[in-house]
Amino acid sequence: MSSNLHPMLNVAVKAARAAGALINRAALDVEAVRVSLKQTNDFVTEVDKAAEAVIIETLLTAYPGHGILAEESGSEHGAKDSEFVWIIDPLDGTTNFIHGFPFYCVSIALSVRGKVEQAVVYDPNRNDIYSASKGRGSYVNDRRIRVGKRTRLQECLISTGFPYRPGDKLKPYLNMLGEVMSQCAGVRRPGAAALDLAHVAAGYTDGFFETGLQPWDVAAGSLLITEAGGLIGNFTGESDFIDHGECVAGNPRIYGQLIGTLGKYSKFAGAGDKASVRQAVLGGAEATTDGSEQAAPAAKPTLKAKRVKAGSAAAPEVEAAQVPDAPF
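Here the structure is a predicted model, which means the values were calculated and not measured. (Residues numbered from 1 in each chain as written. Predicted model: local features only at pLDDT ≥ 70, side-chain atom pairs only at ≥ 80, totals over all residues. Heavy atoms only, no water.)

Enquirer: Sorry, what's going on with the side chain of serine 182 here?
Expert: Here serine 182 is to be found in helix H4 (residues 170–183). Engagement of the side chain of serine 182 in a polar contact is seen with the backbone oxygen of glutamate 179, the distance being 2.9 Å. (Helix = DSSP H or I, 4+ residues; strand = E, 2+ residues; numbered from the N terminus. Polar contact = N/O pair within 3.5 Å; in protein donor to acceptor, adjacent residues only side chain to side chain.)

Enquirer: What exactly am I supposed to notice about helix H5 (residues 193–201) here?
Expert: Every α-helical turn comprises 3.6 residues, leaving residues that sit three or four positions apart pointing alike. Among the nine residues of H5, nine are classified as buried, and the element is accordingly described as predominantly covered. Where H5 is concerned, the buried positions are Ala193, Ala194, Leu195, Asp196, Leu197, Ala198, His199, Val200 and Ala201. (Buried < 20%, exposed > 50% of the residue type's maximum accessible area, 1.4 Å probe, protein only.)

Enquirer: Sorry, what's going on with helix H7 (residues 252–262) here?
Expert: Where H7 is concerned, the buried positions are Ile254, Tyr255, Gln257, Leu258, Ile259, Thr261 and Leu262. The opening residue of H7 is asparagine 251, an N-cap whose side-chain oxygen sits 3.0 Å from the backbone nitrogen of arginine 253.

Enquirer: Please explain the side chain of aspartate 217 as it appears in this structure.
Expert: Among the secondary structure elements, aspartate 217 is positioned in helix H6 (residues 215–227). There is a polar contact of 2.8 Å between the side chain of aspartate 217 and the backbone nitrogen of glutamine 214. Apart from residues lying up to four places away in sequence, aspartate 217 is in contact with Asp89, Asp92, Ala193, Ala194 and Leu197. (Contact = heavy atoms within 4.5 Å.)

Enquirer: When you look at the packing of aromatic side chains in this model, what are you seeing that I'm missing?
Expert: The relative placement of two aromatic rings is captured by the distance of their centres and the angle of their planes. Counted according to the given criterion, the structure contains four aromatic pairs. Ring geometry for phenylalanine 162 against tyrosine 173: centres 6.0 Å apart, planes inclined by 70°, an arrangement best described as edge-to-face. Residue phenylalanine 162 is found in the loop between strand E8 (157–160) and H4, and its partner tyrosine 173 is found in helix H4; the two are separated by eleven residues along the sequence. Site record: aromatic cluster; members linked through ring pairs are Phe162, Tyr173 and Phe209. (Phe/Tyr/Trp six-rings, centres within 6.5 Å; stacked < 30°, edge-to-face > 60°.)

Enquirer: Before we go on, may I ask you to explain the packing of helix H1 (residues 7–33) against helix H2 (residues 37–62) in this structure?
Expert: In the contact formed by H1 and H2, the axes pass within 9 Å of each other and the chain directions differ by 165°. Relative to H2, the element H1 is oriented roughly antiparallel. By crossing handedness, the relation of H1 to H2 is classed as right-handed. For the pair H1 and H2, the contacting residues are Val11, Ala12, Lys14, Ala15, Ala18, Ala19, Leu22, Ile23, Ala26, Asp29, Val30 and Val33 in the first and Gln39, Thr40, Phe43, Val47, Ala50, Ala51, Val54, Ile55, Thr58, Leu59 and Ala62 in the second. Class assignment for the residues of the contact of H1 with H2 results in 18 nonpolar, three polar and two charged. (Axes fitted to C-alpha atoms, helices over the stretch in contact; angles between N-to-C directions. Parallel < 35°, antiparallel > 145°, perpendicular 65-115°, else oblique. Left-handed = near helix turned anticlockwise from the far one by under 90°. Nonpolar A, V, L, I, M, F, W, Y, C, P; charged D, E, K, R; others polar.)

Enquirer: It is not clear to me how the pairing of strand E2 (residues 84–92) should be interpreted in this structure. Could you clarify?
Expert: Looking down a regular strand, the side chains alternate between one sheet face and the other. Of all nine residues in E2, seven are buried, a share of seventy percent or more. As paired strands, strand E1 (residues 67–70) and E2 are joined by four bridges and run parallel to one another. Paired with alanine 70 across the bridge in E2 is isoleucine 88. Pairing of E2 with strand E3 (residues 105–112) involves seven bridges; the strand directions are antiparallel. The partner of isoleucine 87 across the bridge, within E3, is alanine 109. (Pairing = 2+ DSSP bridges.)

Enquirer: How do you make sense of the pattern of salt bridges when you look at a structure like this?
Expert: Where charged atoms of side chains with opposite charge meet at close range, the side chains can pair. Counted under the stated rule, the structure contains six salt bridges. In this structure, arginine 126 engages aspartate 128 in a salt bridge whose closest nitrogen and oxygen atoms are separated by 3.5 Å. Aspartate 128 sits in the buried class, given a relative accessible area of 11%. The partner of aspartate 206 in a salt bridge is arginine 150, with the nearest N and O atoms 3.2 Å apart. Taken together, the positions of aspartate 206 in the loop between H5 and strand E10 (207–211) and arginine 150 in the loop between strand E7 (143–145) and E8 put the pair 56 residues apart, joining distant regions of the chain. (Salt bridge = Lys/Arg side-chain N within 4 Å of Asp/Glu carboxyl O.)

Enquirer: What's the story with the nonpolar core in this structure? I'm lost.
Expert: Proteins that are soluble and globular tend to have nonpolar side chains buried together. If you look at the biggest cluster of nonpolar residues, it comprises 37 residues, and the most contacted ones within it are Leu59, Trp86, Phe97 and Ile108. Counting residues per element, this core draws most heavily on H1, which supplies 13 residues. Sequence-distant contacts of isoleucine 108, that is, excluding residues within four places in its chain, are made with Ala12, Ala15, Ala16, Ile55, Leu59, Trp86, Ile87, Gln118, Ala119, Val120 and Ala220. Among the nonpolar cores identified, the runner-up in size contains 35 residues, and Phe103, Val121, Val218 and Cys247 belong to it. (Core = buried A, V, L, I, M, F, W, Y, C linked by side-chain atoms within 4.5 Å.)

Enquirer: I keep staring at the packing of H5 against H6 and nothing clicks. Help me out?
Expert: Each packed pair of helices is defined by two parameters, the angle between the axes and the distance between the axes. With their axes 8 Å apart at the nearest point, H5 and H6 run at an angle of 5° to one another. One way to sum up the angle between H5 and H6 is to call them roughly parallel. In this structure, H5 contributes Ala193, Ala194, Leu197, Ala198, Val200 and Ala201 to the contact, and H6 contributes Asp217, Val218, Gly221, Ser222, Leu224 and Ile225. Each residue belonging to the contact of H5 with H6 can be placed in one class, and the counts come to nine nonpolar, two polar and one charged.

Following this line, the structure appears as structure tokens:
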């Protein structure tokens, strides 16, 4: 694999593997530390910081003139005015890591004049390196990867991330989730956005959406997606999305269908769309009194999904709406 890699990507892979080895060693100790939440959180913070330090040291040893944007340390390391900026998430999926749920990763991207040109996402549990260089395609280990070929949302597996910070808009998100669930074959919430995006690039899932994301969550994954033939942007379909805090990805057909559903929930949506979302959210809240909460958000997407696939789609979608946990 390393023989024909771009030299900068080679260094990023080396950095990701070093961080992954450190995370795997720490995973063996996390059980012993899992006595109290405070201890666990302190331990995980130490793991994050140690993984980030080894990544930064590896990158700046090779490229001392480059800039750094990292989750734990921000921009305190590296050159301040470089056109080359490494965007780093040393451990995406911290909550999974704490619980021993094997879905977390290391994410490293190189941005050149504001555009991502090199990307690595390392899954230390499966020892998989997802990598991409601009114009050279996306790979997992030695194998070229492409986004999935499915063209109808009804047949697709879509991944997402739940809002989890206090103050996150949970009600609109649940409406959004209800719409997507009623239109696709299943929704998954694995818990590490960078790895979710790598899985869309590899065709393991057909699409992904999430709000409240930071640049280090999506920078590497965005290049993996586009180099694998997919599209990625904000909920209204703008491709310059890395600082927008919202992200949708998929192959071009599925991306278009997801944008059709999610666009009105975008913070960049027009006033009319925003008003309709507010109304739907309020309607959903009112419906809770008679126990038919599911019906409010589900009714509209069923109609929308029919437009995607005429006629025969009606029966299964109505069924999905009535049995909310069926897709899981």
